[in-house]
Amino acid sequence: MEHQMVAETEEQDLKTGVFQILVSDAMSKEGLQPLLESDLVTCVQQNVNDVEDLSVFDALLIRSATTVTDELLSKMPNLKIVARAGVGVDNVDLDAATKHGVVVVNAPDGNTISTAEHTFAMMSSLLRNIPQANASIKAGQWNRSKYQGSELRLKTLGIIGFGRIGSQIAQRAKAFEMKLIVFDPFLTKDRAEKLGVELGSVDEVLAAADIITVHTPLTKETKGLLGMKNIAKTKPGVFLINCARGGIIDEQALKHYLANGHVAGAALDVFVEEPATDRELLDFDNVIATPHIAASTKEAQLNVASQVSEEVLHFLQGSPATNSINLPTLSKEVYEKVKPYYQLTKKMGNILSQVLRTPVQEIDVHYSGNVANFETTITTRSLIAGFLQTRVDAAVNDVNASLIAKERGISFGEKQVSDTFGYSNLIHAVVKGEERSFSIQGTYVKEYGARIVNMNGFSVDFIPEGHILYIQHNDKPGVIGKMGQLLAEHDVNIATMQVGRQEAGGQAIMLVTVDKLVDQIVIDQLQDIDEIQFAETIEC
């Protein structure tokens with residue numbers, strides 16, 4: 001099936017008036033009412049593995065139990081949309097869905113309150129030893145002194161990741177008279193003041209907080225964020241909470257600091273492996289745990305089921321998908337024309353996000369040449385989505401990217417300009433932060449594909465794919481040799497290299513494509529080279 005950007009309703013569907021919808025996982029019947037009550041829909045509630053003929057279905061509704069693979073999609077040639085009743089889409093092969101022309105949607109807002117409330121309940125339970133005391137009294141004991149706890153009042157709560165869930169937790173913490181210090185790569189000082197929270201770096205949060213809760217997506221930057229090195233920076237007696245994604249807290253490091261008493265306790269709803277199998281971690285008396293149920297409330301399950309039911313119904317009737325994860329809401333004809341630029345801007349935004357890790361206030365996108373004649377709203381949103389995607393605690397797509405940017409105090413704009421710098425088309429994006437700005441220029445050449453042709457004022461020419469090292473340095477003899485020797489020592493093979501400079505002996509950059517992901521220790525050693533001011537990995 002070819003790519004399709006909106007529900008291109010077939011004539012025979014309109015004539016029969018019936019769409020076939022398969023609900024593969026258990027969902028709230030009340031939440032499914034929009035579908036069950038519609039004359040346009042025949043709704044089958046049965047697991048995909050138990051259905052004899054999957055080819056008849058137009059839509060598939062799932063939660064976390066059903067895995068949507070390329071093989072499953074091949075068995076459903078009539079499928080137009082997959083709806084995940086929840087936020088995460090880890091159980092959906094997005095690339096395969098896109099290949100089959102199937103739109104994937106989720107319910108990004110339905111469980112915000114339930115997750116925030118569960119996090120706060122875990123925090124209260126942890127500091128007051130409620131699960132342990134409950135188990136003790138049920139075992140026939142009465143040991144009041146053993147389970148003496150601590151008050152939340154006047155404790156400093158550190159929140160890492162200040163999106164929808166983090167901000168809801170902050171509201172509740174204020175009611176308990178807690179002090180708040182937060183870190184979020186997109187939170188500006190002005191917005192932090194308006195929200196009544198203290199803004200700090202990761203290190204400042206680690207040093208100041210009595211309790212730390214994490215609410216970020218799981219990315220290469222956040223995996224193991226609270227590991228051996230960072231937990232050592234926390235206060236002795238700190239409490240750690242993870243109701244976000246397994247792996248943000250390094251479980252081996254956590255066991256080490258629980259064992260030596262540095263961490264006073266931990267509350268975990270998520271784990272690297274689920275169901276949780278690490279008995280050594282779970283057997284600590286000061287670890288409390290729940291089986292990934294932060295989003296599992298009656299209200300949340302009703303909300304997410306209702307959201308995806310209404311989304312699917314509107315989509316099948318021809319309306320754009322408002323929470324599409326994988327495809328922009330454009331007609332097939334228009335999308336085919338803008339597709340190369342859509343993919344280019346998504347990568348440009350992602351690159352900008354990786355090289356500019358400071359709070360951001362503004363994103364401007366300029367178009368010149370042929371691309372200026374297309375519908376550029378979608379490419380601008382694509383760039384913003386690419387920028388936000390790996391740094392926000394909610395699923396970001398081309399439809400909601402602008403709203404999420406505004407929620408985080410980021411203004412954005414686009415305009416058409418005349419100067420193409422010799423290219424038939426050129427996209428120029430500038431991201432402005434509190435401390436510095438960064439710009440990138442990209443173009444699309446039919447014979448060669450997408451190219452990045454300028455990075456922050458340095459002329460380059462590279463394909464935005466694979467593992468890339470971005471290095472800023474002084475243009476002096478021997479720098480490239482030192483860099484190459486260091487990579488060789490760590491068995492990192494160079495595939496391609498681009499060098500750009502503004503003047504001889506001045507500032508210069510290197511863009512080095514390598515064969516594997518470069519460890520942080522290599523980045524640290526690169527930055528120890530005298531001539532190198534900055535080194536960072538870019539994953540495209």
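Residues numbered from 1 in each chain as written. Predicted model: local features only at pLDDT ≥ 70, side-chain atom pairs only at ≥ 80, totals over all residues. Heavy atoms only, no water.

Enquirer: What should I look at first to understand the environment of Val514 in this one?
Expert: Within the fold, Val514 resides in strand S21 (residues 507-514). Residue classification places Val514 among the buried residues on the basis of a relative accessible area of 4%. Apart from the residues lying within four places of it in its own chain, the contact partners of Val514 are His467, Leu469, Leu487, Val492, Asn493, Ile494 and Ala495. (Helix = DSSP H or I, 4+ residues; strand = E, 2+ residues; numbered from the N terminus. Buried < 20%, exposed > 50% of the residue type's maximum accessible area, 1.4 Å probe, protein only. Contact = heavy atoms within 4.5 Å.)

Enquirer: How should I be thinking about the sheet that holds strand S19 (residues 467-474) in this particular structure?
Expert: Taken together, the four strands give an open sheet; going across it, the order is S20-S21-S19-S22, and neighbouring strands pair in antiparallel fashion. Taken across any chain shown, the strands that pair with only one partner, and hence form the sheet edges, are strand S20 (494-501) and strand S22 (532-539). Recorded for the sheet is a direction-independent mean angle of 15° between the axes of neighbouring strands. Pairing of S19 with S22, which is carried by seven bridges, proceeds in the antiparallel orientation. When the bridges of S22 are listed, Gln472 appears paired with Phe534. Set on the sheet, helix H18 (residues 520-527) makes contact with S19 and S22; between it and S22 the angle comes to about 155°. (Pairing = 2+ DSSP bridges. Axes fitted to C-alpha atoms, helices over the stretch in contact; angles between N-to-C directions.)

Enquirer: When you look at the side chain of Thr112 in this model, what are you seeing that I'm missing?
Expert: Tracing the backbone through its elements, the reader meets Thr112 in helix H5 (residues 112-128). By relative accessible area, which is 10% here, Thr112 ends up buried. Excluding residues that lie within four positions of it along the chain, Thr112 makes contacts with Arg164, Ile165 and Gln168.

Enquirer: Could you clarify how one ought to interpret the sheet that holds strand S5 (residues 103-105) in this entry?
Expert: Two pairing modes exist for strands in a sheet, parallel and antiparallel, and in both the strands are linked by backbone hydrogen bonds. Strand order in this open sheet of five strands is S2-S1-S3-S4-S5, and the pairing throughout is parallel. Looking at strand neighbours, the two that pair on one side only are strand S2 (41-45) and S5, the edges of this open sheet. With strand direction ignored, the average angle separating the axes of adjacent strands in the sheet is 20°. Across four bridges, strand S3 (residues 59-62) lies against strand S4 (residues 81-84) in parallel orientation. When the bridges of S4 are listed, Leu61 appears paired with Ala83. Taken strand by strand, helix H13 (residues 298-316) contacts strand S1 (19-23), S2, S3, S4 and S5, and its axis lies near 165° from that of S4.

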